[in-house]
Each structure stands twice: as C-alpha cells, then as structure tokens.
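Structural features, examined
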There are 2 protein chains.
Amino acid sequence: MGCPKTFFQVFSSDRNSQARIGQIETSHGKILTPAFVPVGSQATVKSLDTDDLLKIGTQVFFANTYHLYLRPGEKIIEKLCGLHRFANWPRPLMSDSGGFQVFSLGRSDLVKIDYQGVTFRSHLDGSKHYFTPEKSIEIQMKLGADIMIAFDHCAPYPADFDYVRSAMERTHRWAKQSLAAAQKRKNQFLFGVIQGGIEESLRKKSAQFIASLAFDGLAIGGVAVGEEKNEMVKVLDWVMPLLPKEKNQRPVHLLGVGEIDDIFQAVERGVDSLDCVMPTRLGRMGWLLIEDRQRDFKYDINKSQFAQDPSPVGDDCRCQVCRNFSKAYLHHLFRAHELLAYRLATYHNLFFMEQLFVKIRESIKKGEFLKLKEKWLEQ
Amino acid sequence: MGCPKTFFQVFSSDRNSQARIGQIETSHGKILTPAFVPVGSQATVKSLDTDDLLKIGTQVFFANTYHLYLRPGEKIIEKLCGLHRFANWPRPLMSDSGGFQVFSLGRSDLVKIDYQGVTFRSHLDGSKHYFTPEKSIEIQMKLGADIMIAFDHCAPYPADFDYVRSAMERTHRWAKQSLAAAQKRKNQFLFGVIQGGIEESLRKKSAQFIASLAFDGLAIGGVAVGEEKNEMVKVLDWVMPLLPKEKNQRPVHLLGVGEIDDIFQAVERGVDSLDCVMPTRLGRMGWLLIEDRQRDFKYDINKSQFAQDPSPVGDDCRCQVCRNFSKAYLHHLFRAHELLAYRLATYHNLFFMEQLFVKIRESIKKGEFLKLKEKWLEQ
C-alpha cells in the first residue's frame, strides 16, 4: 500500500446523477477527479515537455508498459531512478499492464495465449517475449508509476461469447496473481480490470468479482475497441451500480475512453478518471478541439479557409497557443510540416481537455452536471 | 532608415585582434554583438517556440525570404501584421534576400539568370517565379524584418573567374537597385552583400564597392559554400581591412557561417554577427554541442553508449535540458523517434551557442579574446 493514508476520497456527488468529485492522493501529489489522463506511451506525451504539461494543468499521465519494456527497458528506467525522474515529471503517473498492446500491437498471428501468460513478438524488431501477470507487475514496479494496472486479457471486438468469457476468466485469474505479485509494492497503487465485452452477464460477473478483490482502484477495460458508442453506455450501466459506493469506496478508471460525448456519459455514471490518445493524436493531425458539437468538437486547421485567419485557435481559449498565435500561423506550420505545429496543436488540445474537466468538477460541485452535459451535447 | 537614432555602436575593441563588442539597435530591441543568429526559415526556428528562444537568450533570428514568399506568401504575413506578430517574436528579426535559396533550392536546370533578375521554379510545386532586386525588397518590406539583405548573386563553388566576376558585377548592380527600392523603408535596415568567391581581386573590389554604398550594414556572402576552411579566412583577411572602421562604421554580418572554429576566426577579424543552421540541424540529427575540440565540439546521442547514462547532455551546461534530463532520456527519445527529442537537442545546442557568444563578448571586453580562442581551439 502507498504512503498517503487516504488514497481516495469523494468530496461530493451530483444530486441528479452518479457524477462525483473527489481526490486521489499519491506520493507524487493529488489528482482531482473526475480527471483526464493524457497518454505518454514512451515516457513523453508526444511533442510536449513536462513544463508544457505543468502549464497546461495536466495532473497525471499514462505510460505504456509494453512500449517502455521494449524500449528503453524497465531495468534502465529503474536504474535511472524510475519513470518520474527519467521523464522529469513531478506529478502522479499511471502505467498500464501491457495487456492491451500485447494483443493489439504484437503481430497478431504470432500472439499465443496460454494459461500462464502471453507470448508475443515485438513490433520493433520481431523479438519474442513472454508476459505473465507477475512479469507485468515486476515491470510496473520497476517503472515506479503511482498507479499500476493488473494484467488482463482484453478480448477484441467483435468476439463470440465463449471467447469473451474465457478472456474474462483469464483476467480474473490473472487479477489475483497480479495482486499477489504486487504485495510488496511501496507508494504504488494497483487497479484491477473489469472485462466481459458487451455481454451483460459477463460484465456483471466481472464487476462483482474484481470489486471483491483487494485492489486500490477499479478499471473498466474492453470498451472503445470498435463497438458502437451506445454499447459503452450499456456496459457502464451494467457495471457501475455493482461497484461499492459506501464501504471500501475506490476510484473507477475507464480505460481508453475520451471522446467528448463519451466523457459526459462516463462521468454521469460515476467514472472518476479516463485516459485517451484522442486529443494528442488528433492534434498531431491538425485537428483542434473546440466547444462546438455541430463540428464534432473539432476542426481541421489544414483547410485553406484558415490560411489568412488572424483569430486564435479557440474563441474563448486562454491557453498559451491561443494567446500568442493565429489560426493562420498554425495553418502555415502544418502546411510546412514544421515540428512546432504538432506541439502547438497538442498543447491547445490538452489545455482544452483540462478546462473541460475543470468545468465538469465545478458543475458537479454546484449540482449542475446534467446542465453542463446538456449545454455541450445538445447544441 | 530605422527609428532608433544610432543603429550601430562599437563599445570596445580587443587589444590584440580586430574583435569588437557593440550593439545593433532596432525598433524591436537591441542585439549585443558579436551575435549568433539562428535560422528560422519558415518563421519558426525548427522545433522551438518563441518562449523557448527567449529563455535560451536568442537575440535575433533569420527568416528566409524564398521560403516565406512561396509559403504562406508575403502578402498573408503582411496582412497578419508582419513576421514579428505572425511568429509571436518580440525581438529583432533578419530576412535574407532569397538569392541564395533561388540558386540552391530552385531546380538548377530551370534557374535562368538575366540582367534584371532570376527566373526559378518552386521546389514545392514546380511553379515558375521571377525575382529581381525590387521584388526581393518588396517582399522583405512586407515581411517586416528589422534587417533586410540586398538581392545578390552568390556564385557556386567551384566556379571559374569569369563566372565569379560576372556574379559579383551583377551583385553590385543589384545592390544599387536594392538600395533604391528600399528607400521608403520604415524601421528596417538594409545590408549590402560582398561577393567575389575566393578571388582576391574580386573580393577586394567588392568590399570597396559595397562599402561605398549607403547601406546600414555590410554582409559577406559566398563563403561556406563548399570551399576549404582556410579559404574563408583568406576572404576575411582580404575584405575586413577594407571596411570603414572609423567614419561610417557599420555592422558586418557573415552569411551562413557557424562552425565553432570559423566563428572564432570571423570574430577575430571583426565580424559582428553570423547566422548558421549548424546548431539546429545537427540537433535534429541527435548531435549535441559540447566544449571539446577533440570531438569536434559535438557527439551523437544516438550511440548506445548513452543508453544508461544519467549525466546531463553538457557537463557544465545550465540550460533547461541539462538541468532536467539525462543523456539516457535523450538517447531514448531519439531512438523512439519522439518529437520531443528534436526540441530538447535544438534547445541545448542554441543555448550552447548563446553561451559561447556571451563568453566571446566578455573576453573581448577584458581584452582576452585570443586567450579564449586558444582555450577552445587548441585543446
């Protein structure tokens, strides 16, 4: 167990929904929830340095165990005093289990799942590797992120019932092994993963089982893997009521979700944190986030209509990019393939997400979350 | 003529060489000389934002007329209130004449030089364009850089005497036209370019002719184009004594030069500023600058020997990169092709250059420039 006495506290809940505000406390500081967790796969949130992240207000970011295990290797990061020091990041960090990448990035014809773990080949050099729950936890303990995730088997979508069930059962078995392997962790917290695809019976079973184990937090995996948008909402409606609200209250993280509308649906149902590559990946393509549902909350700065536009990226945005640069300049940088383009767009998009979460937390405090949701989604 | 009353002042000269310290004053602030001028071809010093440049201590950067004319176009930049506002850069800017790029980047089989100007095709889309001295100045006035350069014909290397002479004569003719075209400039200064290849008679003639015109400053072009290193020193030895030291004293800029040893040779002979892509281009390749002549002032962070090295990039460097990150982290970022790699390396290299020039200016003040040169070059 980690050093802060109270890992998670709920400060208040929305009157009209399950939305709640709270705080996760780690030895690297606090995370106000609901929180957005940007992804920094290779120990860097692509194109930004950690000073940028601090200015943006990023509370925590997500590093990928699979990537860091392959390069530079968890032993090197441990030797260099862990991920925080390596990446010069003073605030909390999360690491995933590697499970998702093993299945999705390893060459799928070469991925072999057995009772103990998964054999896979590196997407970098084809070399062969074997992950077990124990191995994943060992790597994550060496990386030293504040929050670790238990090794799970995320079924692809679509998959038949029997496959999804066996992936869930494997996830449950591996969850217990992950917990046992992590017993000697210090200042690190471990989240268990709920699986079960889009099968109601499996999701409910998985929620109850994972919630029954001594995890510090709970994660919902296996959504945002290609299913219809309303399926994620259904999964949350099955799972969330089964997670303890009173005794043994723990933070709930939704893995890989981050579209604006999904965020509102998840927070409404009590999710405390979410990670997603959406704002950073879109940014690098020139898609800039704005509060405009008509345009699906984004526009493409590459379009020639912005070539002479002196206005900032976001109309009311107070981020450094919007205060200093015009749409025309960003358009120029993207057209010229200048490296600065990716940074400025990523900066704006992550700032936009942080501000959205500030507004979400404020709205919950005021009991007006559903009003905010309506304002954003019903434009 | 520009608004500051005294465009250029020499504060003091070295006892034992022609090295001098001074100040160029523009309506966007002062440049202490000798000064290093990084290159920001497309209105951005590649990978950095202008906040980075301010922290580094960059006094001025160089934008390329050829690039900005083609994309986004000088009219758009003028409409957006000029290059300073467009790029969010509050300090001085220089623009070049476009001449060098027209000859080197335009498809050479399609470049046609006539009495009036040069026809060339864009390296971007093959479209046809025509530059004259008047056109170059017109573009530069729209860009609005503090210091402009007269349109010149830079002969390639090697080239026979007759070609170099005719390029020089064309440069002289175009110099007068550039001056005439720039008569109505406001808050902008114009430098004439001395050409003449590595021919003593031509260089001396060019120095005398260009110095006789009413330019605000003088630039030496046509070096660092492939000739032997000692040829540049010879050119400076021919040219520099012919430039007025007492009456009508003007700053002397050396175009495209920036290897560490060349910098010392140039400053020793009285050069006040130099621009070069070396530190930024090397940085993007993973070459990091250090004070070590044995290693040609740089090392390649990609090498596996740095994979576990916890020490900073530069031993005594106080830049933000060296204070916050290890060689191992930079090695990792380069190996992983992470965008942050290019920024951190560029940042360090430009900081290194600024610090070198701080030391150069201090040494001149103390009359110890040659001692500093010896320390750096005779290790």
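None of these values were measured; they are calculated from a predicted model.

This next bit is on the overall build of chain A. Secondary structure assignment for chain A yields 15 helices and 16 strands. Here the C-alpha atoms of chain A give a radius of gyration of 20 Å, agreeing with the 21 Å that 2.2 N^0.38 yields for 379 residues. Referenced to the eigenvectors of the C-alpha coordinate spread, the extents of chain A come out at roughly 60 × 50 × 45 Å. Split into buried and exposed, the 379 residues of chain A put 55% on the buried side. Intrachain contacts of chain A at a sequence separation of at least 6 include 67% that bridge at least 24 residues.

Moving on, we come to the relation of the copies chain B and chain A. Of the transformation placing chain B onto chain A, the axial shift is 0.0 Å and the rotation is 180°, giving an RMSD of 0.0 Å. Seen this way, the second copy is the image of the first under a two-fold rotation axis. Using C-alpha coordinates, one finds that chain B approaches the rotation axis most closely at B:Leu339, a distance of 3.7 Å. Comparing interface residues between copies, 100% of those in chain B also sit at the interface in chain A, which points to an isologous, same-surface contact.

Glancing now at the interface of chain B and chain A. Residue-level contacts link 32 residues of chain B with 32 residues of chain A. Looking at the side of chain B that touches chain A element by element, the count peaks at 5 residues for helix α13 (residues 327-335) of chain B.

Okay, the pairing of strand β2 (residues 20-26) of chain B next. All names here are of chain B. Most of β2 is tucked away: 5 of the 7 residues are buried. In terms of strand pairing, strand β1 (residues 8-13) meets β2 through 5 bridges, oriented antiparallel. When the bridges of β2 are listed, Ser 12 appears paired with Ile 21. Linkage of β1 to β2, two consecutive antiparallel strands, is achieved through a turn of 6 residues.

Residues and elements named next belong to chain A. Taken in spatial order, the 3 strands of this open sheet run β7-β8-β9, and their pairing is antiparallel. Looking at strand neighbours, the two that pair on one side only are β7 (112-113) and β9 (128-131), the edges of this open sheet. Here β7 pairs with strand β8 (residues 118-121) via 2 bridges, running antiparallel. Its bridge partner being in β8, Ile 113 is matched across the sheet by Val 118.

To continue, consider the environment of A:Arg71. Within the element layout of this structure, A:Arg71 appears in the loop between α2 (65-70) and α3 (74-79). A tally of 16 C-beta atoms within 10 Å means that A:Arg71 is categorised as partly exposed. The spatial distance from the C-alpha of A:Arg71 to the C-alpha of A:Gln42 is 8.0 Å, given a sequence separation of 29 residues. Ignoring anything within four residues of it in the chain, the contact list for A:Arg71 reads A:Leu124, B:His332, B:Arg335 and B:Ala336.

Ranked by internal contacts, the top residues of the largest apolar core, which has 236 residues, are A:Leu330 and B:Leu330. Setting aside chain neighbours within four positions, we find B:Leu330 in contact with B:Ile301, B:Val313, B:Phe325, B:Ala341, B:Leu344 and B:Ala345.

With that settled, the discussion passes to the domain arrangement of chain A. One can read the domain layout of chain A as domain 1 (8-33 + 64-276) and domain 2 (283-349). Its C-alpha centre places domain 1 of chain A at a distance of 32 Å from the equivalent point of domain 2 of chain A.

Residue and element names in this part refer to chain A. Structurally, Val 277 can be placed in the loop between β14 (273-275) and α11 (278-285). Of the residues examined, Val 277 has 18 C-beta atoms within 10 Å and is grouped as partly exposed. Taking the C-alpha atoms as reference points, Val 277 and Gln 320, 43 residues apart in sequence, are found 21 Å from one another.

With that out of the way, let us pick up the pairing of strand β9 (residues 128-131) of chain B. All names here are of chain B. Examined bridge by bridge, strand β8 (residues 118-121) and β9 share 4 bridges and lie antiparallel to one another. The residue bridging Phe 120 from the neighbouring strand is His 129, located in β9. Between the end of β8 and the start of β9, which pair antiparallel, lie 6 residues, with Gly 126 showing a positive phi angle near 75°.

Attention now goes to unusual backbone geometry. With an omega of -5°, the peptide bond between A:Tyr157 and A:Pro158 qualifies as cis. One can find A:Pro158 in the loop between β10 (147-149) and α7 (161-181). Along the chain, B:Arg71 connects to B:Pro72 via a cis peptide bond; the corresponding omega equals 5°. Tracing the backbone shows B:Pro72 in the loop between α2 (65-70) and α3 (74-79). Positive phi, normally seen in glycine, also occurs at B:Ala224, with a value near 55°. Inspection of the secondary structure assignment puts B:Ala224 in the loop between β12 (217-220) and α9 (229-239).

Here we take up the sheet that holds strand β3 (residues 29-33) of chain A. Hydrogen bonds along the backbone pair up the strands of a sheet, which may run parallel or antiparallel. Residue and element names in this part refer to chain A. Sheet architecture is open: 3 strands sit in the order β1-β2-β3, paired in antiparallel fashion. Two strands close off the open sheet at either side, each with one partner strand: β1 (8-13) and β3. On average, adjacent strands in this sheet sit at an angle of 15° to one another, irrespective of strand direction. Helix α14 (residues 339-365) rests against β1, β2 (20-26) and β3 of the sheet, and its axis sits at about 120° to β2.

A few words on helix α10 (residues 260-268) of chain B. All names here are of chain B. Of all the 9 residues making up α10, 7 are buried; the element is thus mostly covered by neighbouring parts of the structure. Buried within α10 we find Asp 262, Ile 263, Phe 264, Gln 265, Ala 266, Val 267 and Glu 268. In this fold, the buried residues of α10 make contact with α9, β13 (252-254), β14 (273-275), α14 (339-365) and α15 (369-377).

Residues and elements named next belong to chain B. With respect to the helices and strands, Ala 180 occurs in helix α7 (residues 161-181). A count of 11 C-beta atoms within 10 Å places Ala 180 in the exposed class. Spatially, the C-alpha atoms of Ala 180 and Glu 134 are 8.4 Å apart, while their sequence positions differ by 46 residues.

Attention shifts here to the packing of α7(B) against helix α8 (residues 200-212) of chain B. Axes are the key here: two packed helices are described by the angle between their axes and the distance separating the axes. Residue and element names in this part refer to chain B. Running from N to C, α7 and α8 point in directions that differ by 0°, and their axes come no closer than 11 Å. The pairing of α7 with α8 is recorded here as roughly parallel in orientation. Residues Val 164, Arg 165, Met 168, His 172 and Ala 175 of α7 lie in contact with α8, whose contacting residues are Leu 202, Ser 206, Phe 209 and Ile 210. Along the lines of polarity and charge, the residues of the contact of α7 with α8 split into 6 nonpolar, 2 polar and 1 charged.

Residues and elements named next belong to chain A. It is at 7 Å that the axes of helix α13 (residues 327-335) and α14 come closest, and there the two elements cross at 135°. The pairing of α13 with α14 is recorded here as oblique in orientation. The interaxial crossing formed by α13 with α14 has left-handed handedness. Seen from α13, the contacting residues are Leu 330, Leu 333 and Phe 334; seen from α14, they are Leu 340, Ala 341, Leu 344 and Ala 345.

What follows concerns α14(B). All names here are of chain B. Over its 27 residues, α14 extends 40 Å from the first C-alpha to the last, a length consistent with the 39 Å expected when each residue adds 1.5 Å. Within α14, 21 of the 27 residues are buried, which leaves it mostly tucked inside the rest of the structure. Positive backbone phi, at 70°, marks Gly 367, one or two positions downstream of α14.

Calculation notes
Residues numbered from 1 in each chain as written. Chains lettered and ligands numbered in written order. Predicted model: local features only at pLDDT ≥ 70, side-chain atom pairs only at ≥ 80, totals over all residues. Helix = DSSP H or I, 4+ residues; strand = E, 2+ residues; numbered from the N terminus. Rg over C-alpha atoms; globule rule 2.2 N^0.38 Å. Buried ≥ 20, exposed ≤ 12 C-beta atoms within 10 Å, placed from the backbone. Contact = placed C-beta atoms within 7 Å. Least-squares fit on C-alpha atoms with pLDDT ≥ 70 in both. Pairing = 2+ DSSP bridges. Core = buried A, V, L, I, M, F, W, Y, C linked by C-beta atoms within 7 Å. Domains from an automatic or database assignment. Axes fitted to C-alpha atoms, helices over the stretch in contact; angles between N-to-C directions. Parallel < 35°, antiparallel > 145°, perpendicular 65-115°, else oblique. Nonpolar A, V, L, I, M, F, W, Y, C, P; charged D, E, K, R; others polar. Left-handed = near helix turned anticlockwise from the far one by under 90°. Expected span 1.5 Å × (residues − 1).

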